[in-house]
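Inside the fold
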Amino acid sequence: MAHEQLVALGVDVDALIERLMGKEELVPVFMKMFVEDKNFLSLGEAIADGSNENAFIASHTLKGMCANLSLTVLYRLFSEQVEFFRSGQWEGAVAMMPEITAEYTRVADGLKQYLGLS
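Just so we're clear, the structure is a prediction, and the values are computed from it rather than from any experiment. (Residues numbered from 1 in each chain as written. Predicted model: local features only at pLDDT ≥ 70, side-chain atom pairs only at ≥ 80, totals over all residues. Heavy atoms only, no water.)

What follows concerns the layout of surface pockets. To find leftover empty space, one rolls a probe the size of a water molecule over the atoms. When its volume is computed, the largest pocket comes out at roughly 160 Å³. Contributions of two or more residues to the lining of the largest pocket are made by helix H2 (13-19), helix H3 (27-36) and helix H5 (52-68). Examining the composition of the lining of the largest pocket, we find that three residues originate from one element, H3, more than from any other. Here the residues of the lining of the largest pocket are counted per class, giving seven nonpolar, one polar and one charged. (1 Å grid on protein atoms, 1.4 Å probe; cavity = no way out; pocket = protein on both sides within 12 Å on 5 of 7 lines; lining within 4 Å. Points joined across faces, edges and corners; volume = space filled by probe spheres on them. Helix = DSSP H or I, 4+ residues; strand = E, 2+ residues; numbered from the N terminus. Nonpolar A, V, L, I, M, F, W, Y, C, P; charged D, E, K, R; others polar.)

Another point: helix H4 (residues 39-49). Among all positions in H4, only Asn 39, Phe 40, Leu 43, Ala 46 and Ile 47 are buried. Down the axis, H4 shows its buried residues gathered within 120° of arc, on one side only. Across H4 from its buried face, at more than 90 degrees, point the exposed residues Leu 41, Ala 48 and Asp 49. On its buried face, H4 is in contact with H5, helix H6 (72-86), helix H7 (90-95) and helix H8 (97-115). (Buried < 20%, exposed > 50% of the residue type's maximum accessible area, 1.4 Å probe, protein only. Arc of directions from axis to C-beta. Contact = heavy atoms within 4.5 Å.)

Structural data, given as structure tokens:
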């Protein structure tokens, strides 16, 4: 059942387990680290403060985390947002926040359920 839960959250489970060198027992460890990470909060704060540099750093960090954890939809969204920040299109990056927030919340809530934290 656990793999199905992860797939439903947009996790490429096979790629993740390969990235973890076959150590499937590490999946919950790294997913818990993602759920506990504060970069999404930092991204929202940086956008509210108008801090382009800090928003870029938080979004870029989240992009890397999502890539490493094979969180495919979030990775795609953060990749787009990072490109907006990188090219100086602040408004485009900020305009993505409702979609990013909805998907991040869906995934984080699902991971908490997967981990037994909710």
